[in-house]
Every structure is written in C-alpha cells, then in structure tokens.
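What follows is each chain in one-letter form.
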Number of protein chains: 2
Amino acid sequence: MAESEKVEYRPISVREALTEMKDVSEIMIDLAYSSALFNSTELAEEVMELEKRVDYLDYIIEMNVMLAARDAEDAEHLTAVTTVAAATNKISDAAADIAAIVLKKIGIHPIVRKAFQQVEERLARAIVKPNSFFINKTLGELELAAKIGVDVIAIRRHREWKIDPSDEEKILENDVLIARGAPHGIDELNDLASGKLKVME
Amino acid sequence: MAESEKVEYRPISVREALTEMKDVSEIMIDLAYSSALFNSTELAEEVMELEKRVDYLDYIIEMNVMLAARDAEDAEHLTAVTTVAAATNKISDAAADIAAIVLKKIGIHPIVRKAFQQVEERLARAIVKPNSFFINKTLGELELAAKIGVDVIAIRRHREWKIDPSDEEKILENDVLIARGAPHGIDELNDLASGKLKVME
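Residues numbered from 1 in each chain as written. Chains lettered and ligands numbered in written order. Predicted model: local features only at pLDDT ≥ 70, side-chain atom pairs only at ≥ 80, totals over all residues. Heavy atoms only, no water.

**Thoughts on the overall build of chain A**
- When helices and strands are counted, chain A shows 7 helices and 4 strands.
- Helices and strands in chain A line up, N terminus first, as α-α-α-α-β-α-α-β-β-β-α.
- Taking 201 residues into account, the globule formula puts the C-alpha radius of gyration at 17 Å, and chain A, at 18 Å, falls close to it.
- Principal-axis analysis of the C-alpha atoms places the extent of chain A at approximately 60 × 40 × 35 Å.
- Out of the 201 residues belonging to chain A, those deemed buried represent 51%.
- For chain A, contacts bridging at least 24 residues in sequence account for 74% of all contacts bridging at least 6.
- Total accessible area on chain A stands at roughly 9500 Å², and carbon and sulfur atoms take up 50% of it. (Helix = DSSP H or I, 4+ residues; strand = E, 2+ residues; numbered from the N terminus. Rg over C-alpha atoms; globule rule 2.2 N^0.38 Å. Buried < 20%, exposed > 50% of the residue type's maximum accessible area, 1.4 Å probe, protein only. Contact = heavy atoms within 4.5 Å. Areas by Shrake-Rupley, 256 points an atom, 1.4 Å probe, with all protein chains shown as cover.)

Structure representation (structure tokens):
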C-alpha cells in the first residue's frame, strides 16, 4: 500500500473544503461514539482515515486563505474562515482521541458505554465485495432507506471520501459504505455488501 | 450578578457527568454553527455559558476518577473515561472558538455562512417573561413539538442547565429556552415566551 499513500486530490475551493470539514467532523463524532459503544475497531479505523482527510482540508484552507488576503480588513474577515476550520479540526481530533482508545484496546470502561448508550441508531461499516448485489447500482436505484431502513452517510473509495452521497452515486467493488440504521437493517446491509445475501428481502 | 457567580451544583456521578458532557458538547456545536450562520450574539452567549458547565463537569470527572483508581489495572481502564471527557471538552472548546468570532463582531465571512447553510432547522433562544403563557406549564402540557413544530432541547435556569428536559419539566419565569425548529415555529415560540402572543394558535 505504501506507493499509494500519496493520493492526488482533485482541486477544491475554500467553501467546499470548509463545508466538507464541517460535515466530516460531525460524522467523525458519531463514528467515534459508536466505535466506543460497540468496541468496534472497524469504525475506529474509519475515524482515523477521516482525520487524515480533515487535516488535508485544513491545510488547503490555510494555504488558500493566505493567498486570498489582499489587505488588512480582508485578512481580518478571513480569520473567521481559518478559526472555523481550526475548530472543526479540533472536533475531528477529539473524535480521533476517542477512536484511539478503541484501537489501543485499553477496554471501554462501562461508564463510557453507559454515557453513549443513547445512540439509538447504529453506525456501521460495510465493505462491498466483488460478488455483491450492490455492484454498479446507484444509491437511487437501491432505495436502501425505504427498503431496509439504512442511510448511507458516506462512501470511501480507497482514500477518496464521498460525504452525504447523491442518488446518482454508483457503488463499486471495494467501496466502503458508512451507514446509519437500526441493527436489523445494518445486518442486512452487511450481508448484501459481502455477497452473503443476493437480493433485498 | 457578581455575588451569584459561585453556584452550588448538586452532586453528580461520573456517569451522569460524562453523559451530560457528551450531550452538552453536541448541542454546543449546533448552537455555535447557528450563531455563526445567523450572526447571533444571543446564541453565541449560550455557547459560552455551556462551556463553563462542561469545564465544571470535566473537573468533577477528573477528581472522581483519581479517587476511584484502586490499582494500576483500574487506572488504565479509567483512562478511557478521562480521555472521553477530555475529548468532549475539546469539542466544547471548538464550539466556543466559533462562538467567539460572533462575539468579537469580526463579521462572519460569506464562506463560513455558505458552509453552514445546510443547517435547515434553526436553533434559537427564547427568554420566558413574567407574563408569558408558558409560566408554570409543563413541557408535556404544552406539546410544543406537535403544536408549533418546535423542540425544546435545553432549558437554562440562571446557571443550571436541563439538557433534553423531560415532559414533567415546568417552565418558570426567566427560564431560557434553547429550541430547534423551522423559522415559523421559532418566531411563534419567541412571541409566546415574551408574552406578545397569549395563546397558541
């Protein structure tokens, strides 16, 4: 995997980067809490993946904002942008801190689990295998929310993230789906992604 | 107000404190984003109030965890509790960083507003005046969600916070309601809290 560590990202505007940072940091908190609640190293690993993305976006914003400031007044207004970027980065770090406990296998103290128990809907990760029913189908076609009560909130394709993917998004082999739903639906999603289940019930 | 700065808090367990920290930090992020989106110093001030509460809860947890550790293994497990507490504190700090931009009146850059625009439902603060229709009524009686589409997510009574208040919670004079809802419902909530509107339509 070492040679693919450095990924070329497509160009992105400051507005897009900030919006993505906000959305990603929110998903990261949910993922981190779920990873602690269910002691899930899978979810904790996704938190760590997302943290890299947030760091990259923060860097993009810092760089672009520096280039954009034309005068002192401009620079003052732009501090709002860098402050918000730094704040979402802080949120992302906090999520990573929680995920790190899971990855270190310290053991989640019952107090932590109790505090996170209100998380009613489960977040889960499902990897799309080559023989999955999902391959080459769009999210719109699949209607997972209506059919199995599961909402795909993000798709990771190698190192590229699609946050809040559109109905037109096509699922490909090896995609990693991050989804939210009731436990029964999540089980079905996993079985469909792994190819264990061939059609939606 | 100086003499009332030091408030006696009721005793609270580590589990309760951690649950509250988690819930409060989540509300703070929403409040901070809304304060930036609507350039609302009112909401920004509530974020700052909540940050004090989170700091206090973090202190309670740190102290109790130290007293609870009986041996090395125990201490290791308890680090999960302090790490999670520190992480929620970090999230709360991030929210306060965003609120501080609003309070400093730097001006919210359009890029920030665009990034936060997806916040569909509005968060708002409403102060209950002495002649309000709400006085001495419980949230259960009022059925605000059903009647005006507004969800009271927190009540502040001087320095005491009630997060996710129950149906039995009675609204008193000077209570500060933090609510989430569509703009029309929020306007109605404000009019009812201020006494401008005498009955629910």
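**Here's the deal with the interface of chain B and chain A**
- With 38 residues of chain B at the contact, the number on the chain A side is 37 residues.
- Interface of chain B and chain A: buried area, both sides summed, is about 3400 Å²; carbon and sulfur atoms make up 75% of it.
- Broken down residue by residue, the surface that chain B buries against chain A is led by Lys22(B), Lys90(B) and Ile106(B), which jointly contribute 15%.
- Across the chain B-chain A interface, the total number found is 2 salt bridges.
- Among the salt bridges present, the one from Asp97(A) reaches Lys90(B), with a minimum N-O distance of 2.7 Å.
- At the junction of chain B with chain A, the criterion picks out 2 residue pairs in polar contact (both at pLDDT 80 or more).
- Contributions of two or more residues to the side of chain B that touches chain A are made by α1 (14–37), α3 (72–103) and α4 (110–116) of chain B.
- In terms of residue count, α3(B) provides more of the side of chain B that touches chain A than any other element does, 17 residues in total.
- When its residues are assigned to classes, the side of chain B that touches chain A shows 19 nonpolar, 9 polar and 10 charged. (Buried area = accessible area lost by both parts, 1.4 Å probe. Salt bridge = Lys/Arg side-chain N within 4 Å of Asp/Glu carboxyl O. Polar contact = N/O pair within 3.5 Å; in protein donor to acceptor, adjacent residues only side chain to side chain. Nonpolar A, V, L, I, M, F, W, Y, C, P; charged D, E, K, R; others polar.)

**Concerning the confidence of the model for chain A**
Residues and elements named next belong to chain A.
- Scored by pLDDT, chain A comes out at a mean of 87, with 93% of its residues at no less than 70.
- No element of chain A has a lower mean pLDDT than helix α4 (residues 110–116), at 81, and none a higher one than helix α5 (residues 139–142), at 95.
- Across the whole predicted complex the pTM is 0.81, and at the interface the ipTM reaches 0.79. (pLDDT = per-residue confidence, 0-100.)

**Considerations on the sheet that holds strand β2 (residues 150–157) of chain B**
Residue and element names in this part refer to chain B.
- Spatially, the 4 strands line up as an open sheet ordered β1-β4-β2-β3, and their pairing is antiparallel. Looking along the sheet, the strands with just one partner apiece sit at the ends: β1 (122–127) and β3 (160–163). Ignoring strand direction, the axes of neighbouring strands in this sheet form an average angle of 25°.
- Here β1 runs beside strand β4 (residues 176–181); their pairing, made up of 6 bridges, is antiparallel. Of the residues in β4, the one forming a bridge with Leu123 is Arg180.
- Running at roughly 90° to β3, α1 makes contact with β1, β2, β3 and β4 of the sheet.
- Against the sheet, helix α7 (residues 183–194) makes contact with β1, β2 and β4, and its axis sits at roughly 5° relative to β1, the strand it touches most. (Pairing = 2+ DSSP bridges. Axes fitted to C-alpha atoms, helices over the stretch in contact; angles between N-to-C directions.)

**Describing the packing of aromatic side chains**
Residues and elements named next belong to chain A.
- Evaluation of the coordinates by the stated rule reveals 2 aromatic pairs over all chains.
- A centroid spacing of 6.2 Å and a plane angle of 55° characterise the contact between Phe133 and Phe134, whose relative ring orientation is tilted.
- Residue classification places Phe134 among the buried residues on the basis of a relative accessible area of 0%.
- Over the ring of Phe133 we find Lys137; its NZ or CZ atom is 4.1 Å from the centre of that ring. (Phe/Tyr/Trp six-rings, centres within 6.5 Å; stacked < 30°, edge-to-face > 60°. Lys NZ or Arg CZ within 6 Å of the ring centre and 35° of its normal.)

**What to know about the pattern of salt bridges**
- Summed over the entire model, instances satisfying the criterion amount to 32 salt bridges over all chains.
- One salt bridge in this structure joins Lys22(B) and Asp23(B), with 3.8 Å as the shortest N-O distance. Assigned by exposure class, Lys22(B) and Asp23(B) land together as buried.
- The partner of Asp74(B) in a salt bridge is Arg70(B), with the nearest N and O atoms 3.1 Å apart.
- Accessibility expressed as a relative area gives 71% for Arg70(B), which makes it exposed.
- Here the residues in one salt-bridge network are Glu42(A), Glu45(A), Glu46(A), Arg125(A) and Arg156(A), joined through shared partners.

**Looking at the relation of the copies chain B and chain A**
- Between the two copies, chain B and chain A, the superposition gives an RMSD of 0.0 Å; the rotation angle is 180° and the shift along the axis is 0.0 Å. Viewed as a symmetry operation, the transformation between the two copies matches a two-fold axis. Residue Ile91(B) of chain B places its C-alpha closer to the rotation axis than any other residue of that unit, at 2.5 Å. (Least-squares fit on C-alpha atoms with pLDDT ≥ 70 in both.)

**Brief notes about unusual backbone geometry**
- For Asn39(A), which is not glycine, the phi torsion reads 50° and is therefore positive.
- The residue Asn39(A) is located in the loop between α1 (14–37) and α2 (41–68) in this model.
- Classification of Asn39(A) by relative accessible area gives partly exposed; the value is 41%.
- Even without being a glycine, Asn174(B) presents a positive backbone phi close to 70°.

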